[in-house]
Amino acid sequence: MSSLKLNIQSKRLWIDANDQQQVWYYYDVQTQADKEVFEAAVKSWADTTCIKFNRGQPGGCTENRGHGAVCVGSFGGCWSLVGNSYSNGWSRSSQKMSVQPNGCELAAAAHEFGHALGLQHEQSRPDRQEYIWVNYENLDIKIDGQLDNNVKQAWYQASMCEKGQTVDIPMPYDFLSIMQYGASDFAKEDGRMVYVTRDPRSQYMLDYHRNAGMLQTHYDKLVMNVAYKCDVLWRKTCGDNGNSGTKCLNGGYFAKSCKCECPEGYSGSDCGSKTGSPLFPVLDRAKVMVDITSPGLYDMADRGMNMNTENLILQQFVFFQFITVVARANHIRKRAAITVNQPFEQIQQTFGSSFGQVNFLNNLEIADCQVTGFFYWGDAAHNKMRTECVSSVYNNELPSERLHLRGRNQTLSITVICALGKMSKDPSVSLKAAEFKLDATFHINPKMQLRTFQNPSDDPGPLADPDSASGSNAGKIAGIVIGVLLGVALIVGLGVAWKMGKLPIGK
Ligand SMILES: [Zn+2]
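Residues numbered from 1 in each chain as written. Predicted model: local features only at pLDDT ≥ 70, side-chain atom pairs only at ≥ 80, totals over all residues.

Asker: Account for the overall build of the protein, naming residues and giving values.
Answerer: In terms of helices and strands, the protein carries 13 helices and 22 strands. Looking at the protein as a whole, 38% of its 507 residues are labelled buried. By sequence separation, contacts in the protein at least 24 residues apart represent 72% of the contacts at least 6 residues apart. (Helix = DSSP H or I, 4+ residues; strand = E, 2+ residues; numbered from the N terminus. Buried ≥ 20, exposed ≤ 12 C-beta atoms within 10 Å, placed from the backbone. Contact = placed C-beta atoms within 7 Å.)

Asker: Could you give an account of the pairing of strand β16 (residues 321-328), with specific residues and numbers?
Answerer: Among the 8 residues in β16, 6 count as buried, and that is most of the element. Bridging between β16 and strand β21 (residues 411-418) involves 8 bridges; their strand directions are antiparallel. Looking across to β21, one finds that V326 is bridged to S413. (Pairing = 2+ DSSP bridges.)

Asker: Give me the lowdown on the nonpolar core, citing residues and values where you can.
Answerer: One finds V72, Y195, V390, C418 and A434 to be the most contacted residues of the largest nonpolar core, which totals 111 residues. Here this core gets 6 residues from one element, more than from any other, and that element is helix α2 (residues 106-117). Here this core spans two domains, and each of domain 1 (5-228) and domain 2 (288-448) adds at least three residues to it. Those residues in contact with Y195 that sit more than four places away from it in its chain are Q123, I132, V134, Y181, A183 and L206. (Core = buried A, V, L, I, M, F, W, Y, C linked by C-beta atoms within 7 Å. Domains from an automatic or database assignment.)

Asker: Describe helix α5 (residues 218-227), listing the residues and the values that go with them.
Answerer: With 8 of its 10 residues buried, α5 lies for the most part within the structure. Those residues of α5 that fall on the buried side of the exposure criterion are Y219, D220, K221, L222, V223, M224, N225 and A227. Residue K229 follows α5 closely and has a positive phi angle near 60°.

Asker: Account for unusual backbone geometry, with residues named and values stated.
Answerer: Here C258, not a glycine, exhibits a phi torsion of approximately 65°, which is positive. Within the secondary structure, C258 is located in the loop between β10 (253-254) and β11 (260-261). Of note, the phi angle at N383 is positive, near 60°, even though the residue is not glycine. Relative to the helices and strands, N383 is located in the loop between β18 (373-379) and β19 (384-389). According to the C-beta neighbour criterion, N383 is partly exposed, with 14 such atoms within 10 Å.

Asker: Requested: an account of the environment of Q32, with residues and values cited.
Answerer: Here Q32 is to be found in the loop between β2 (22-27) and α1 (35-46). Considering only alpha carbons, one finds Q32 and Q100, 68 residues apart in sequence, at a separation of 7.6 Å. Residues within four places of Q32 in sequence aside, it is in contact with S74 and P101.

Asker: Quick one: what's the story with the sheet that holds strand β5 (residues 78-80), residue by residue and with numbers?
Answerer: Ordered in space as β3-β2-β4-β6-β5, the 5 strands form an open sheet in which the pairing is mixed. Strand pairing shows two members of the sheet lacking a second neighbour, β3 (52-55) and β5, which therefore form its edges. Mean inter-strand twist for the sheet, computed between neighbouring axes without regard to direction, equals 30°. The sheet contacts of α2 involve β2, β4 (70-73), β5 and β6 (95-99), and relative to β5 the element is tilted by about 10°. (Axes fitted to C-alpha atoms, helices over the stretch in contact; angles between N-to-C directions.)

Asker: Run through the confidence of the model for the protein, naming residues and quoting values.
Answerer: Note: predicted coordinates in regions of low pLDDT should not be interpreted at a detailed level. Of the residues in the protein, 70% have a pLDDT of 70 or more, and the chain-wide mean is 79. Across residues 1-5, where pLDDT falls below 50, the model places 16 contacts with residues more than four positions away in sequence or in other chains. (pLDDT = per-residue confidence, 0-100.)

Asker: An account of the sheet that holds β16 is needed here, citing residue identities and associated values.
Answerer: What holds strands together in a sheet is hydrogen bonding between their backbones, with the strands either parallel or antiparallel. Spatial ordering of the open sheet is given by β14-β16-β21-β18-β19, a layout of 5 strands whose pairing is mixed. Taken across any chain shown, the strands that pair with only one partner, and hence form the sheet edges, are β14 (288-292) and β19. Here the average twist between neighbouring strands, direction ignored, is 15°. Note: β18 against β19, 6 bridges, orientation antiparallel. Opposite F374, over in β19, you have C389 as the bridge partner. Relative to β16, helix α4 (residues 203-211) is tilted by about 175°, and along the sheet it contacts β16, β18 and β21.

Asker: Please give an account of the UniProt feature "binding site: Zn(2+)" (unreviewed entry) in the protein that cites residues and values.
Answerer: Residues annotated by UniProt as "binding site: Zn(2+)" (unreviewed entry) correspond here to H111, H115 and H121. Relative to the helices and strands, H111 resides in helix α2. Locating H121 in the fold gives a position in the loop between α2 and β7 (132-134). (UniProt positions renumbered as here; feature names shortened; annotations may be inferred.)

Asker: Describe the pairing of β3, listing the residues and the values that go with them.
Answerer: Here β2 runs beside β3; their pairing, made up of 4 bridges, is parallel. Bridge pairing in β3 links V23 to F53. Of the crossover connections in this fold, the one passing from β2 over α1 to the parallel β3 is right-handed. (Right-handed = clockwise from strand over helix to strand, strands pointing away.)

Asker: Explain the packing of α1 against α2 residue by residue, including any values.
Answerer: Running from N to C, α1 and α2 point in directions that differ by 60°, and their axes come no closer than 8 Å. Relative to α2, α1 is oriented oblique. Between α1 and α2 the crossing geometry is right-handed. Taking contact as the criterion, the partners of V37, F38, A40, A41, V42, S44 and W45 in α1 are, on α2, L106, A109, A110, F113 and L117. Looking at the contact of α1 with α2, its residues break down into 11 nonpolar, 1 polar and no charged. (Parallel < 35°, antiparallel > 145°, perpendicular 65-115°, else oblique. Left-handed = near helix turned anticlockwise from the far one by under 90°. Nonpolar A, V, L, I, M, F, W, Y, C, P; charged D, E, K, R; others polar.)

This is how it looks when you write it as C-alpha cells:
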C-alpha cells in the first residue's frame, strides 16, 4: 500500500452548511429515465454509505431549487457530471444525469451516480502510472464536424487528476473498482487496448468487474465513507472514540455496523490480522492463471473454470471465461514463443448439428470481437500489447495458420476473454472455447545473434536452446574447454602482471 490519493472531487461533495451529507434528486418531466435502474443505483450507495438521498417532485432540469439537485432523465446513454456542481457556485440550476432505458445497466448507473457524488475514474488517479499504461492513440477519436467536443470527451475519459483535486489517504490501486474502465472501453472498433496493467496478472480484472455486474468494492466504499466523513459520524453514533476506541488498520474503515470493515486479505476486529490471501484474489471464473517457465504443451482444460451461475447480478456473465498466462524465460537473452492450438473439433462436436453450422461456425467470419472475446497478448510491462479476436483464432483451421505469439522481452503474457457463448446463448461453448492448448518454446533473442543467408530456404530456423540437451553437448564441452583455457591464460597473465608490479593489489 502506497501513500495515494482518493480519486474524488473534494470540493464538490454533497455536504451542506450544517455538515449534513445529503443528495437531492428528481425526475425530469420532459424525458423518461429508467427509474427502476436508477433507484437500484441509489440504493447501492445508500446501503454502503451514510449519505441521505432525498427525492423531490419531478420538474425541469434547468430549475433552481435553492440547492444542488440531480435531475434524472433520458438524454442519450448513461452519463453524469462529476460532483455537486451547485456547491461551489459553478452552476445555479440542477445538474443532469442520463439513465436511458435499455442503455444503462445497474453497474453503469451506479458508476455514473458515483460520478455525481464526486468520484473520478480509477484510471484518473494521480499515481496511476505506477499501475497502468494509458494509450491515448487507441481511443476512438472521430475527426468530423464535432471535432473539438469529441476529442475533448475522449481525451477526458483517459485523463489524470491533479493532486490538488483529490483527498489524501493510503489506498491500493483498485483494478476491480466500479470506477475503473475496461481494457478497450472507448477504443477503436478492433478492440485495441487503451488500458494495460503493468502486471499482466491484473489485466483480466478490468473487464471482469463490468461483465460480472459487480458493484462497489471495499475500496469504493472506503473512498466514499472517508471523503463524506461517514466513518467519523458512525463512530459518534456508535459511541466509539476514534483515539481510544477501535482503530481500523490496513485499509479497513469504521462502518455502520460499529465495527471495522476489512478489505480482502485482512481480518480481526481491527483488520490487523493478515489472512495470507493476496490483495486481489484470483476470482471465480478467472481461475486459470498459468505461469510458464519451461517448454511444453499446456492444456487450459480442467483448470477450475466453471459456469456457476449462483449470486451473479448479470446472468449474461455466464457466457464469459477468463484465462491469464504469463510465460517467463529463465535467461535474459531468451524469449518465449507460444502457439495456440484451439479445440476447434471439440467446438464443432459441441454443435455438430445444422444448428451449430448456421448459428456458430458460419458466423465466425462476421462475428466481431465484442461478441466472441479478446486475446490480449504481448509484453505488458513495456506496454507492447496486441489484440486478436477469439473468432479469428477459431477461423484458423490450418496448423500453419495458427496463432503464433512471440515475446519481445523475457516475459510474454496472454489474457483471453472468451465470450463465444454469447453468440450461441450457451455458456458451455465459452468453457469449451477457453480450453486452448498452448505449445510453449523458448529461444535465444534473434536480435542478439545476427546471421546472414542467401536464400530463405537456407535459414536454419530459430537458434537452439542453450540449455537443451539435444545437439548441444559438443558445444557445451567446447565451452568448458575454452573456459578452462581462458582461466589458465588469466592466471598466467595475472602472474606476469603481479611480477611486474603493475597491479594495484590491496588498495
Ligand atoms: Zn465514468
